[in-house]
Every structure is written in C-alpha cells, then in structure tokens.
Amino acid sequence: MIVIASANGKVGIRESMRVLKAGGSAVDAVEAGIRLVESNPDDHSVGYSGLPNLLGDVELDASIMDGLTLQAGSVGAVKNYEHAISLARKVMEELPHVMLVGAGAERFAKELGFPEKDLLTPEAEAIYRQIFEKKIPDVYAHRMKYLDSVKKWAHVAADPERPNETTNFIALDDKGNLATGVSTSGWSWKYPGRLGDSPIIGAGNYADNRYGAAACTGRGEMAIRLCTAHAVVTYMRMGMSIVEAGTEATRDLAYLVDPYFGGVNIIAMDPNGNHCAFSNTKDTFYVYMTGTMDDYIETPRVFVDTGDEGRKL
Ligand code: ASP
C-alpha cells in the first residue's frame, strides 16, 4: 500500500496511510488525507482559508475517482462548505451523476447535512486586499462585488506572481485498487464560476486500476485542453513506463498556444505502486509514504522543459 500527494498533502498523508492500514479503501484514504488539507488554515489554495475569486468569494472545486469501478464524482464552484472532496464522493456514491456545480452542489451539501462555514479567513482576505490594492485602482478594489462588469479585471488571475496551488492524492490499497482525489480553491482571483482542471475527470484527475492514475495542479486551463491526467494513463496503457508517460504528457503542454502559458504539475502511479511526479517548473516536490514507512518522504518531481513554445502562435 502506498499514498502519494502534492507537497501540501504533508498534513494529510499520514492520516491517509493510517486509513489504509486500518483496512480502508483507496477511496477512503484519499478522502481522509484531503480533508485535513482542506481544514488547514495555513494552506490558501484548498478548502477553508482558500484564496477567493475576483469578487472576494471562496469557490471550491474537487473530484474523486475510483480506479476499480471507474466511478467518479466532482463538484465545482461550491461556496460555504469546507469539505468539497467529501461532497464529490457523495455525488459519486449517491447520485446518478458525476458532476454538480454552484447552487446545485450547495443544495446537495445542505440535503446531506454538511455543516456550512464561512471559508474566507482574515489572512486570505488580507492577501486578496493587498494584491487588489496593488493591481487595481482603489476606487474599484473595494467594490468589485457591486460592479456590473468585472471582466476587464480577470487578467489579474493570470498574474504569474499570483499565489496558487491545489492538493492531489493518489492511493493504492492492499487489494490493488487505485483512487485519486483532487481539491482546490482554484485560481485565486478567478472570474466567478470558473472551473479549472481539478473537478474535470480526465483533466485534473484520472484513475484506472488496469493502467494507473494521475492528477494535476497548476494552470488548469492547460490541463483541460490536453486532458492531461487521462493522457498520462493512456500513455501507460500504450506501454510507456510511468516516467515516459508523465514526461510525454508534460511535453504536450509545449504545443499549446496560450498567452497565459504557465506551470503544470503531475503526480502519477502505476498499478504496482511505482510513482513519479513531473513539472514544467524547476524545483518542485511531492511526497510519498508506503505501509512500511514511519513517515512520508519529500522528493523532487522530474522537470520537463516546455520552453516558451506555448506562447507563440
Ligand atoms: N489547477 C488548479 C486550477 O486550475 C489551480 C492550481 O493547481 O494552482 O484551478
């Protein structure tokens, strides 16, 4: 049994492994680990204390996929419920659907008795205010919510210095089942209602016991356009090793014409628990923990140079 996660999954990976050791499934393990990241007030990219959208509202996206059944659940643009990953799991298990967004997802959370919570913390609000005061004339910065048109400020979400992340977990349980979970508050300062790759099955999340699993963080628009998580699994299906598959999927990014070309990071695992992670940004890390380890190890991702090609027409 093994769990891997993006570096901010450190706060949850031990719990994820504890669940596996106690006989929990891979799906149980990824949900348990991600819930702790979602509750971490110091992580401004996931769940409670996530950074808000352009209007100052925190909107969460999450997805979960079971590699045994290929069942999946996801939620997008959910406000006021901390554990988007648990809501995504409930969509998978209790509805004949894969994805719920916005008001429908919130209604479902309410029906299930999920506790409501204000997700915007003073720390996250202070970061929002500071950035907006720098980038946007003061006359607008304090009343974005009341403006009829905010589209001209959406480019602020593409600022390369803008803080962001997401959490990814992949677990392999002792029955040989894989599961993948992803949770995020998405791109900070995004246009309201914007969904990234995290809730899109195939883009930010994919698991198939037969071939492997993968999950992404980074500029979600790029992973959506290339179905990056599914691409990694497909490349493994075609016979590539995990390193070849992740490298190829990262190299694909270079083909994208994109004025906002940015970083995309992948974690991946094959059905035997071999794992690797990839990024087109230097010096990035991920964590892993097996059933025989006392604690997780943090290790570098493979850097794949996608150059500047993506920016050119
Ligand atoms: N992939 C996430 C999104 O596009 C954000 C991130 O990982 O930085 O919403």
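It should be noted that the structure appears before, not after, this text.
Residues numbered from 1 in each chain as written. Predicted model: local features only at pLDDT ≥ 70, side-chain atom pairs only at ≥ 80, totals over all residues. Heavy atoms only, no water.

Student: I would appreciate a short explanation of the environment of Ala 231 in the present structure.
Tutor: The topology assignment puts Ala 231 in helix H8 (residues 228-237). Of the residues examined, Ala 231 reaches a relative accessible area of 13% and is grouped as buried. Residues Ala 231 and Trp 153, spaced 78 residues apart in sequence, show a C-alpha to C-alpha distance of 33 Å. Once you skip the residues sitting within four places of it in the chain, Ala 231 turns out to touch Leu 226 and Ala 249. (Helix = DSSP H or I, 4+ residues; strand = E, 2+ residues; numbered from the N terminus. Buried < 20%, exposed > 50% of the residue type's maximum accessible area, 1.4 Å probe, protein only. Contact = heavy atoms within 4.5 Å.)

Student: Explain the pattern of salt bridges here, please?
Tutor: Per the counting criterion, the structure on display carries 17 salt bridges. Of the charged contacts, one joins Asp 28 and Arg 89 as a salt bridge, the two residues approaching to 2.9 Å between their closest N and O atoms. With Asp 28 in helix H2 (residues 26-39) and Arg 89 in helix H3 (residues 84-94), this residue pair connects regions lying 61 residues apart in the sequence. Judged by its relative accessible area of 26%, Asp 28 falls in the partly exposed class. Through salt bridges with shared partners, a single network forms among Asp 28, Glu 31, Arg 89 and Glu 93. (Salt bridge = Lys/Arg side-chain N within 4 Å of Asp/Glu carboxyl O.)

Student: Which parts of the structure should I look at to understand the side chain of Asp 43?
Tutor: For Asp 43, the position within the fold is in the loop between H2 and strand S2 (60-66). This buried residue, Asp 43, is left without a salt bridge; Lys 10 holds the nearest opposite charge, at 10 Å. Within the structure, the side chain of Asp 43 is placed 2.6 Å from the side chain of Ser 45, a separation counted as a polar contact. Look past the residues within four positions of Asp 43 in its chain and what remains in contact with it is Asn 8, Val 37, Tyr 48, Ser 49 and Gly 50. (Lys, Arg positive; Asp, Glu negative; His and termini not counted. Polar contact = N/O pair within 3.5 Å; in protein donor to acceptor, adjacent residues only side chain to side chain.)

Student: Hey, could you run me through unusual backbone geometry in this one?
Tutor: In this model, Trp 189 sits at a positive phi of 65 degrees, which is unusual for a non-glycine residue. In this structure, Trp 189 sits in the loop between strand S6 (178-184) and strand S7 (205-208). Residue classification places Trp 189 among the buried positions, given a relative accessible area of 1%. Residue Cys 227 is not a glycine yet carries a positive backbone phi of 45 degrees. Looking at the secondary structure, you find Cys 227 in the loop between helix H7 (220-226) and H8.

Student: Just checking my understanding: could you explain a nonpolar patch on the surface for this structure?
Tutor: There is a patch of nonpolar side chains on the surface, built from Val 98, Met 99 and Val 101 and spanning about 220 Å² of accessible area. With respect to the helices and strands, the residue Val 101 is situated in strand S4 (residues 99-101). On the accessibility criterion, Val 101 (44% relative accessible area) is partly exposed. (Patch = residues over 30% accessible without salt bridge, like charges linked within 9 Å, V, L, I, M, F, W, Y side chains within 5 Å. Areas by Shrake-Rupley, 256 points an atom, 1.4 Å probe, with all protein chains shown as cover.)

Student: Before we go on, may I ask you to explain the pairing of S6 in this structure?
Tutor: Burial of S6 is extensive: 7 of the 7 residues sit out of reach of the surface. Judged by which residues are buried, S6 turns out to be covered on both faces: Leu 178, Thr 180, Val 182 and Thr 184 on one side and Ala 179, Gly 181 and Ser 183 on the other are all buried. The hairpin turn running from strand S5 (residues 167-172) into S6, its antiparallel successor, is 5 residues long, and Gly 176 in that turn takes a positive phi close to 85 degrees. (Pairing = 2+ DSSP bridges.)

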